[in-house]
Amino acid sequence: MTSRHYRVDGIVQGVGFRPFVYRTAVELGLDGWVANVNGHVEGEVAGPPGAVDEFAARLRHDAPPLALVRGIRLTQRTARTTHAPGFRVRHSPPAGSGTGPREIPPDAAICAGCLRDLRDPADRRHRYPFVNCTDCGPRATIIEDLPYDRVRTTMRRFPMCRACAAEYDDPGDRRFHAEPVACPDCGPSLAWDGLRGEEALSAAVKTLADGGVVALKGLGGYQVVCDARDPRAVAGLRRRKRRPAKPFAVMVRDVRQASRLARIGATARAALTSPERPVVLLARRRWHGTPPLADEVHPGLARVGLFLPTTGLHHLLLDDLDRPLVVTSGNLGDEPIAIDDDTARRELTGVADGFLTHDRPIRARYDDSVVQFAGRTRITVRRARGLAPAPLPLAVREPVAGLGAQLKHTFTLAADGRAHLGPHTGDLSGVETFEAFLTSYDRLRRLTGIRPRVLAHDLHPGYLSTQWATRQPLPRIAVQHHHAHVAACAAEHGLRGPFTGVAYDGLGLGDDGTLWGGEVLVATLSGYRRVGRFATAPLPGGDAAVRHPSRTALGQLFGSETLGAPHPYPWLTRDLTGRLDPAEVRAVRAMVARNVNCPRASSAGRLFDTVACLLGLADRVSYEGEAAALLEAAAGEEHAVPLAHRVVRADGLWVYDTTPTLTDLLERRRAGEPVPLLAAAFHLTVATATAELVARAVADGAPRTVCLGGGCFVNRRLLTEVKRRLHAQGLRVLVGEQVPVGDGGISYGQAAVAAARLAGER
C-alpha cells in the first residue's frame, strides 16, 4: 500500500474536477479525499502503488473538458498514514488558505446534455432557462470568493430543493457538486413587468415578434435584443442606443442557420461551437431577394459577427421566435454594460420596450468575446465572456499589474508564470467606465490573491489609467504604447530574445513626445529601439481628427512630411475639397500653415482614414476604426496593382513616404479607376511598404522573427498581405491569437515588459 498527498493547479474549480477525481478514485478502488482549497484542488489518496500511479496519470490526461491542468504535485506520505475506507469529497477550508495565485473559471455556454434537458418535455428542467451542470453554466460572473463553492457565489440565496440536492450529492450524476445547480422549484426565475416564468418569457417573445426591443439580463450583464431581420427594429435600436453605424452582433440558433448567413470554415465552426461561444466575424454570404438580415445590422461592411446561444434563456428565445436576433451590449454609447437591475432600468428605459430579467445577481461584468480568422490564424478582437479571466502564460515572478490604454481598455494582473486579463471595459475616458475599471480591478485582485508590487502604465499622461497609477503608493514602470503592442505578441508566443516588431494603430505617445502609430522596432521584452516608421502628417484639431477623416485627409494633403517626393498637385485635391464645407477647408489649411493645434503623427490608422475619405467612403465616423473597416470592406477580395510608394532614409530611420501613394491614388481615381480596385491597391501598397521597411531593418541586423501588433492588424486583408510578403523573405511571423491584437492587449504587453525589466533581462 502507498499513500500520497496531491495538489492540482490550474483551472480546476467550477469545472467538475472534484467529481472527476472522486469517480476516478472509486473506479481504481482507492481511499482518500478531495477538496477545493483556495484556488486549487488537493487531497490524499491511498491504495496499491500501481493504482495510485494510474490515478496520478488520469488526473493529468483525462481531466474534464473545461479543466486546464497546469501542474500536479505528488508528495509521498509516511507508512503510518491511514485513511478510512472509501473516498470522500470534503468541504472546502476557509477562503485564503493555501498559497499562490488563484485561477477563476470563465463562464461556459450551455452544454449538449443540458440543451437536451431544456428541450425534453419529460425532463423536470424542460424549458428552465437556468439549466446547467458541471460542464457548463455561470462561473466568473457569479463568484464572490474562492474556493468555488455555492456558499461563495450568488447562488447562495437559492437553497437547493430535495431533488437538486440529491443530484448534487450523487457521484454518478453529471450535476455532482455543480455549484449553480437549480431547477424551477428552487432556482432563479424570469420576470417581466409583474409576470413570472413562462408568462414573462412569452411577453418578451411577443415584444420581439412585434418589432420591439428587449433588455435581457444575460450571463455577464444586460443585453439589448431585437429582430435582426426587421429594418425598422434595428434602425430604432440604433437611434435609441445612439449607435448610428457600429455593427451589431447577431445570435443564431445553430451552425446550420449561421451557414445561411455567412461562409464558415472549420476553424470558425470550432470557435462558434466552443464552450466560450465568442462572436465570430465572418464573411457575409451574398443573397438575392429578401435579405435574411437587415442591412442596418452591419451597414457598409462585408463581414457579420455571429454567435450561438450561450444560455438556456437564449435558446428558448430563438426556439420560440425562429429568427436571428441582434444581441448587443446593454449600455449607452461607450459606457460599461449594466449588471444590476436598478442601473439597467435607469439607463435602458429609453432603449428597451421591456425588461426580461431574473433574480440571480451578476457579480462581474463580462461583455461578449469577439474573434475572427485570417486563414487558420485566430485574431482575438475582444477577450471577455468565456475567455477572461482564464490566465495566460507569462514569464513573470514578482507580482505586477498592467493598467492598459484608454480605448478598448483592459488590465492585467500577473504573478508566478500566469497573467489574468481583466474584463473588457471600453473607453476609459468616461466616469462610469473608470469606476467600472476600479471595481473590476479590486475584485480580480482579491479573487486571484495577486497583490502587485509594481504598476506598469502607458507613457501618455492624459490616460486615466496613467493618472491613477501616479496616485498609488507603488513603484511604477512607464511602457511605450507600441512596445507594449509587440511585447504582447512576443510574450504570448514565449519569445525571450530579440525580435522585430511592427506596430500599426491609430495613435500612441512616442518616447520623443510625438504621436506614433506606424512603427518598426527592434525589441526585447525589456526594451526597444525605433528603426522605421510612416511619414508624419498633421492632425488638425488633435484628437478631434479621429472622428473626422476629412480633417486627417486635409492634413495629409496640406502638410505631410517633406521627404523629397512632390506633394499632390492642387488639381488632384479638388475633388476632395470641392465636396467638403469650404469653411472647414479654409480653417484646416490655416491651422496647418500656422501649426495651430496640429500635432504630427506617424499613424498607420490615420493613413487608412485618409484614404477612406479620399475615396468617398467616410468624411465623418461615429466609432473608432469605422473608416478603416469601410475601406477593408470596399477592397473585398479584389485583385489590384499596388500604388506607388517609396521607402527612404531620414534621421537614421527607414521611413515609408506616403506622398507618392496618395498622389497615385488621386490620379488613378481621377482617371476613373473603381473604388474597390483602389481600396485593394492601397492595402497591397501598405503591405509592400511594410515588407520593405522590415527588409531594410533586417539587412541592418534586425532579428528575423517579426511580431505584429496594433489595431490595424484586425484588418484581415492587411494582415494576410503583410504575412505573405514577410514569409516570402523567409521571416518568421507571429501575431497575437489569445491576446487581443489591438489596445485590449496593451495591458498584457505592459505586464510582460514590467516582468522582464524586473527580472533584469536585456
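Rules of the game
Residues numbered from 1 in each chain as written. Predicted model: local features only at pLDDT ≥ 70, side-chain atom pairs only at ≥ 80, totals over all residues. Heavy atoms only, no water. Helix = DSSP H or I, 4+ residues; strand = E, 2+ residues; numbered from the N terminus. Rg over C-alpha atoms; globule rule 2.2 N^0.38 Å. Contact = heavy atoms within 4.5 Å. Areas by Shrake-Rupley, 256 points an atom, 1.4 Å probe, with all protein chains shown as cover. Lys, Arg positive; Asp, Glu negative; His and termini not counted. Charge placed at Lys NZ, Arg CZ, Asp CG, Glu CD. Pairing = 2+ DSSP bridges. Salt bridge = Lys/Arg side-chain N within 4 Å of Asp/Glu carboxyl O. Buried < 20%, exposed > 50% of the residue type's maximum accessible area, 1.4 Å probe, protein only. Phe/Tyr/Trp six-rings, centres within 6.5 Å; stacked < 30°, edge-to-face > 60°. Axes fitted to C-alpha atoms, helices over the stretch in contact; angles between N-to-C directions. Polar contact = N/O pair within 3.5 Å; in protein donor to acceptor, adjacent residues only side chain to side chain. Arc of directions from axis to C-beta. Core = buried A, V, L, I, M, F, W, Y, C linked by side-chain atoms within 4.5 Å.

(A) Just the overall build of the protein, in detail. Each helix and strand counted, the protein has 22 helices and 32 strands in total. Here the C-alpha atoms of the protein give a radius of gyration of 27 Å, agreeing with the 27 Å that 2.2 N^0.38 yields for 762 residues. Taken over the C-alpha atoms alone, the protein extends approximately 90 × 65 × 45 Å along its principal axes. Contacts spanning at least 24 positions in sequence make up 72% of the contacts within the protein whose residues lie at least 6 apart. Just so you have it, the protein exposes about 28,200 Å², and 50% of that area is on carbon and sulfur atoms. Taking the average location of the 98 positive side-chain charges in the protein and that of its 81 negative ones, the two points are 2 Å from each other.

(B) Examining the sheet that holds strand 22 (residues 454-458) more closely. Pairing is mixed in the open sheet, where six strands are placed in the order 18-21-20-19-22-23. Only two strands of the sheet have a single partner each, and these edge strands are strand 18 (392-393) and strand 23 (476-479).

(C) Up close: the pattern of salt bridges. Following the criterion strictly, the structure yields 46 salt bridges and no others. The residue R229 makes a salt bridge to D227 at a minimum N-O spacing of 3.8 Å. Classification of D227 as buried rests on a relative accessible area of 5%. Between D619 and R579 there is a salt bridge, with the nearest N and O atoms lying 2.8 Å from each other.

(D) Highlighting the packing of aromatic side chains. By the definition in use, this model includes 15 aromatic pairs. On the numbers, 5.5 Å between centres and 65 degrees between planes, the contact of Y128 with F130 is edge-to-face. Judged by its relative accessible area of 7%, F130 falls in the buried class. A ring pair is formed by F437 and W468, whose centres lie 5.6 Å apart and whose planes are at 80 degrees; its orientation type is edge-to-face. In this pair, F437 is assigned in helix 11 (residues 431-448) and W468 in helix 12 (residues 464-470), connecting sequence segments 31 residues apart.

(E) Region of the structure containing the pairing of strand 26 (residues 528-534). Most of strand 26 is tucked away: five of the seven residues are buried. Alignment of strand 25 (residues 515-523) against strand 26, held across five bridges, turns out to be antiparallel. By the bridge assignment for strand 26, A523 is matched with Y528. Here strand 25 folds back onto strand 26, and the loop between the two strands holds four residues.

(F) Geometry of the sheet that holds strand 4 (residues 68-76). The sheet built from five strands is open, its strands ordered 4-1-3-2-5 with mixed pairing. In this open sheet, the two strands that pair with only one neighbour each are strand 4 and strand 5 (87-89). The sheet shows a mean angle of 15 degrees between the axes of neighbouring strands, taken without regard to direction. Note that strand 1 (residues 2-11) and strand 4 share eight bridges and pair antiparallel. Across the sheet, I11 pairs through a bridge with L68, a residue of strand 4. Sheet strands in contact with helix 1 (residues 17-27) are strand 1, strand 2 (31-37), strand 3 (40-47), strand 4 and strand 5, and its direction is about 175 degrees off that of strand 5. Sheet contacts for helix 2 (residues 49-61): strand 1, strand 3 and strand 4; angle to strand 1, the most-contacted strand, approximately 0 degrees.

(G) Up close: helix 14 (residues 549-559). With nine of eleven residues buried, helix 14 lies mostly within the body of the structure. Among all positions in helix 14, only P549, S550, T552, A553, L554, G555, Q556, L557 and G559 are buried.

(H) Representation of the side chain of R7 in the model. One can find R7 in strand 1. Of note is the side chain of R7, whose polar atom sits 3.0 Å from the side chain of D9.

(I) A look at helix 8 (residues 266-273). The set of residues buried in helix 8 consists of A268, A271 and L272. Buried residues of helix 8, seen end-on, are gathered within an arc of 100 degrees and therefore sit on one face of the element. Here the buried face of helix 8 lies against strand 12 (279-284), strand 13 (303-307) and strand 16 (370-374).

(J) Representation of unusual backbone geometry within the structure. Look at the link from L146 to P147: it is a cis peptide, with omega at 5 degrees. In this fold, P147 is placed in the loop between helix 3 (112-119) and helix 4 (162-169). Not every positive phi belongs to a glycine, and R277 is a case in point at roughly 45 degrees. Residue placement: R277 occurs in the loop between helix 8 and strand 12. Phi at D651 is positive, roughly 55 degrees, even though this residue is not glycine. The topology assignment puts D651 in the loop between strand 29 (646-650) and strand 30 (653-657). Residue D651 is classed as exposed on the basis of its relative accessible area of 76%.

(K) Geometry of the nonpolar core. Y504, L708, F713 and L726 are the most contacted members of the largest nonpolar core, which has 69 residues in total. Looking at which element gives the most residues to this core, the answer is helix 20 (residues 675-699), with 14 residues. Membership of the second largest hydrophobic core comes to 61 residues, among which are V131, Y148, F158 and W468.

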